[in-house]
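# Summary of structural features
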Amino acid sequence: MTSTLLLVQLLNGLQFGVLLFLVSAGLTLVFGVMDFINLAHGVQYMLGAYLAASLGTVFGSFWIGLALALPLSLAIGLALEWLVFRHLYDRDHLSQVLATFGVILTLDEATRAIWGSAPLNVPQPAGLSGGIMLTPALGYPAWRLAIIGAGLVVAPLLWWLVERTRAGMLVRAGSTHRAIVSALGVDIGRLFTLVFAIGAMLAGFAGALAGPVYAVAPGMGDTVLILAFVVIVIGGVGSIRGAVIASLLVGLVDTLGRALLPDLLRLVLAPAAARQTGAALASMLVYVAMAAFLCLRPAGLFPVRRA
Amino acid sequence: MHRRTLLGATAAATLAGLAPRTGRAQGGAAGVKIAFMATLSGPGAALGTHMRDGWLTAMGQLGNKLGGVPAETLIIDDELKPESAVTKARAAIERDKVDFVVGLVFSNILGAIARPVTESQTFLISANAGPSPLAGRGCNPFFFATSYQNDQNHATMGQVAQEEGYKRVFVLVPNYQAGKDAVAGFRSRFKGEIVDEVYVPLGQLDFAAELAKIADAKPDALFTFMPGALGVNLVRQYHQAGLGRIPVLSTFTVDESTLPAQGDAALGFFTASDWAPDLPGERNAQFVKAFEAAHNYIPASYAAHAYDTAFLLDAALQARGGNLADKHALRSALETVKFPSVRPSFKFGKNHFPVQDFYLCKVGKRPDGKFETEIVRKVLTNDVDAYAAECRMPA
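Every value quoted in this text rests on a predicted model; they were computed, and no experiment measured them.

## What to know about the overall build of chain B
Within chain B one finds 13 helices and 14 strands. For chain B, the C-alpha radius of gyration of 23 Å lies close to 21 Å, the compact-globule estimate for 395 residues. For chain B, the spread of C-alpha atoms along the three principal axes comes to 90 × 50 × 40 Å. Counting only residues that meet the buried cut, chain B has 59% of its 395 residues in that class. By sequence separation, contacts in chain B at least 24 residues apart represent 71% of the contacts at least 6 residues apart. A total of about 15300 Å² of accessible surface is found on chain B, and carbon and sulfur atoms cover 55% of it.

Here it is, written out as structure tokens:
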């Protein structure tokens, strides 16, 4: 393993982590602030990818598709909140899980009915579709660098929004002292709707970014959703800072595990066995890490204090 | 009041008595019933859709008759769940009294229903899945495959790598049985060095780690088997990573079911198949044209095999004069009857798998901008699968 290869794998892990962060940021806010389990968050990621891909195809440019997908994802988030989720806030977690799981099934099938079950063709982002040569021998896809860049912009922005603005202060206050905040004349319902819509938009944004790299197909949100839950368990429910650290951690552990484990095991096992066990272990590694964190820090890396 | 209730009840009873009788008239003794089972929901649905549309194209051309007998098709979704497939297949046989079960995209579904279906002496015809147990020791008088034995496509690619003189080949497959079979099939004919074998989990999103390894290893070629969405991810990312100069020998990775999503990124990828849309022959050209006119997309091999299956049944029933009762004679008809196949050389071997030619194909762009696999050259002629020798087919 050369140092350039290691560098490439680090970038890969970083890029995967950024994508996970964009999905889990919304999930962690909704779960932590509103105490609402939204399994349908992955569907919003999928819809973002579908909207960006099909609008991009219609207008002949990925960038137009991306720009249009953001407000549309926001609108879909608002619509879902108004139609379904709003009625679930006061229910227990089991009802929330059941209802949002129903939303997954419904929207997955609706996607299939509208776009078909074959993966969608996605227009490549003009100007960033090729590779950038890191060294004369090793290239790196430009679009993946752009995804990392997007994460570097969104993460501080979100942190600033939650920690430093008036709206963010109300959201934080509302999560711990709901009754008092509303007694002070703040419309908690509207605040939560806002949080929800922003979360949905971030998931849609992540989906749109993922489109040129991953297959845009029905059910694409389900795998991401599971990893996003791993992220918020490790990072601490409701913490943006935790989501950032944990997504990068999950992204790096997953990628480096897949890259290095089979080679490391070859030192102690026969090559054929090392390949098979290495591949199996690497796909488990993220969950092993989560189990370890649950043992050592059950509330996550950055637990949000509760009243 | 009382009389009216009584009258109503009598009428209802009469209707209820009539209903099964009309049902039988349509699809019972006078007709032939086919259970068409394929994966029509979930991640594998695109393949099942190709297969179903191929079958429906054929049935449309045959005027919904097989060998002159009115035919009724029950379309069944196996949901890619073996237990659900078994339940539905049993229901089709016991309740609907179907004469044939056809379709079958995935080998694990076929493996699950093979025994219950063939034990009920119902003919089972696979239009895609071709697992080795059913080709070898487990060959069955009631089972036919109009597609191939799974290993044959991989072996064809092994032969290609050997003939091209590649010395070092990198292997990338998913970590499950079919992935391991792919490597075995490839190795059966490729004698050069395998630089590295990498196994990825099914449902992997990101191939970045593996692609970096490939770039680092600088092999002469990459052999890969990545069905469905896995293939879409890999092809797109392969292109983005700038690995275009390393040739890709693939199986079930680029075909007409995934090419609409892969687009330009798949241009130049190689694949091995027994069929391609541009396979020479009047019969095939007609099929592709009719399919596109009816369904507005280019058929993949799944559609072609389903289409052939319908015409096989048509010819066999024609030869038997529509007699479904004599199963032994019907089986002989299926084994030997000549039907107009879209493939130039098609005949069944003694294990009821086709003995046919295999081709090296390459992804190309048609003048109308759509993508398809195009034949480069014939690699194997009248290839018999590796398991046929183990089959002791009862007479």
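## A look at the domain arrangement of chain B
Residues and elements named next belong to chain B. When the domains of chain B are assigned, the result is domain 1 (31–148 + 279–356) and domain 2 (151–273). Of note, the centres of domain 1 and domain 2, computed from C-alpha atoms alone, are 29 Å apart. Taken together, the contact pairs eight residues of domain 1 with seven residues of domain 2. Summed over both partners, the interface of domain 1 with domain 2 buries about 720 Å², with 52% contributed by carbon and sulfur atoms. In this structure, the connection of domain 1 to domain 2 is made through zero salt bridges. For the pair domain 1 and domain 2, the interface holds one residue pair in polar contact (both at pLDDT 80 or more).

## A short note on the side chain of B:Asp308
All names here are of chain B. Along the chain, the position of Asp 308 falls in helix H12 (residues 301–319). Judged by its relative accessible area of 0%, Asp 308 is buried. Among the polar contacts listed, one links the side chain of Asp 308 to the backbone nitrogen of Val 342, at a separation of 3.0 Å. Each residue touching Asp 308, except ones within four places of it in the same chain, is listed here: Phe 339, Pro 340, Ser 341, Val 342 and Arg 343.

## Considerations on the environment of A:Ala200
Residue and element names in this part refer to chain A. With respect to the helices and strands, the residue Ala 200 is situated in helix H8 (residues 188–210). For the pair formed by Ala 200 and Glu 81, sequence separation is 119 residues and the distance between their alpha carbons is 9.8 Å. With sequence-adjacent residues up to four places away left out, Ala 200 is seen in contact with His 41, Gln 44, Ser 73 and Gly 77.

Scoring rules and cut-offs
Residues numbered from 1 in each chain as written. Chains lettered and ligands numbered in written order. Predicted model: local features only at pLDDT ≥ 70, side-chain atom pairs only at ≥ 80, totals over all residues. Heavy atoms only, no water. Helix = DSSP H or I, 4+ residues; strand = E, 2+ residues; numbered from the N terminus. Rg over C-alpha atoms; globule rule 2.2 N^0.38 Å. Buried < 20%, exposed > 50% of the residue type's maximum accessible area, 1.4 Å probe, protein only. Contact = heavy atoms within 4.5 Å. Areas by Shrake-Rupley, 256 points an atom, 1.4 Å probe, with all protein chains shown as cover. Domains from an automatic or database assignment. Buried area = accessible area lost by both parts, 1.4 Å probe. Salt bridge = Lys/Arg side-chain N within 4 Å of Asp/Glu carboxyl O. Polar contact = N/O pair within 3.5 Å; in protein donor to acceptor, adjacent residues only side chain to side chain.

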